[in-house]
Amino acid sequence: MAVKRVLKMGEPLLLARAAEVKAFDTRELQDLLQDMRDTMAAERGAGLAAPQIGVSLRVVIFGFEANERYPDAPAVPYTVLINPRLTPLGTETEEGWEGCLSVPGLRGVVPRYKRLRYEGFDEFGRPIIRSVEDFHARVVQHEVDHLDGILYPTRIVDLRRFGYTEVLFPAAPPGDD
Ligand code: NI
């Protein structure tokens, strides 16, 4: 399959609500996931949502052993999550820096629920239910937001903590973000 172009903020499709996946374990879904994996690897992302490569379906992937874009983040298991539902566990929120392959070159501080449960399906239609916290919870919230047409800059509370990665984090590895 292929590395796809990542849509950037301003493209209407990134603001759309993506459609539920109706059929699992299909060639189309496997092809989409391969494109997503190839694209995420090429861009060194921590996660990717299908709308970011122009496919308006409720499919996200995320996970890494170690991510050079987020060197302090603990490993998150590689996950395919389809038709996800998130349930916050408690009301506690936590602030943290986020970037997005669709908003290249920028970072901002975003409040997210600290703990949540997520439910959904893998590519074979097998159910996934996990309770997670901290960076894992943050990544899931960021990716699932993409399925509802939400980009992280709209969640920034204090816009003074939003800026260029090369300025905010001069030691960060070069790249789109
Ligand atoms: Ni993103």
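Please refer to the structure placed before this passage.
Notes on the structure follow. Residue numbers restart at each chain and count upward from 1, following the sequence in its written direction. This being a predicted model, a pLDDT of at least 70 is required before a residue's local features are given, and a value of 80 or more before pairs of side-chain atoms are given or counted; all residues contribute to the totals for chains, interfaces and linings. No hydrogens and no water enter the side-chain calculation; it runs on all heavy atoms of the structure.

Quick notes on the coordination of the nickel ion
Alright, step 1. At this site the nickel ion is bound by Cys 100 (SG), His 142 (NE2) and His 146 (NE2), with donor distances of 2.1 to 2.3 Å.
Alright, step 2. Each metal's donors are the N, O and S atoms found within 2.8 Å of it, except that Na, K and Ca use a 3.2 Å limit; water is left out, so coordination can look incomplete. Counting along the primary sequence, the residues that act as donors to the nickel ion give the motif C-x41-H-x3-H. One end of the pair, Cys 100, is in the loop between strand 4 (93–98) and strand 5 (106–113); the other, His 146, is in helix 2 (residues 134–147), and 46 residues separate them in sequence. For the pair formed by Cys 100 and His 146, the shared burial category is buried. Only DSSP runs of H or I reaching four residues or more are called helices, and only runs of E reaching two or more are called strands; each is numbered from the N terminus. Burial classification: accessible surface area is computed with a 1.4 Å probe over protein chains only, and a residue below 20% of its type maximum counts as buried, one above 50% as exposed, and the rest as partly exposed.

What to know about the nonpolar core
Alright, step 1. Buried Ala, Val, Leu, Ile, Met, Phe, Trp, Tyr and Cys residues that are joined via side-chain atoms within 4.5 Å together make up what is termed a nonpolar core. Val 60, Phe 62, Phe 64, Leu 81, Tyr 118, Phe 135 and Val 140 are the most contacted members of the largest nonpolar core, which has 20 residues in total.
Alright, step 2. Elements that contribute at least two residues to this core include exactly strand 2 (59–64), strand 3 (76–88), strand 6 (115–121), strand 7 (127–133) and helix 2.
Alright, step 3. Ranked by residue count, the leading element in this core is helix 2, at six residues.

Description of the sheet that holds strand 8 (residues 162–164)
Alright, step 1. In this scheme, strands are said to pair when DSSP sees at least two bridges between them. Here three strands make up an open sheet; going across it, the order is 4-5-8 and the pairing antiparallel. Strands at the two margins of the open sheet, each flanked by one partner only, are strand 4 and strand 8. Across this sheet, the average inter-strand angle for adjacent strands is 25 degrees, counted without regard to direction.
Alright, step 2. For strand 4 and strand 5, the ladder comprises six bridges, and the chain directions are antiparallel. Residue pairing across strands places Thr 93 opposite Tyr 113, the latter belonging to strand 5. Note on method: axes are straight lines fitted to C-alpha atoms, helices fitted across the in-contact stretch only, with angles between N-to-C directions ranging 0 to 180 degrees.

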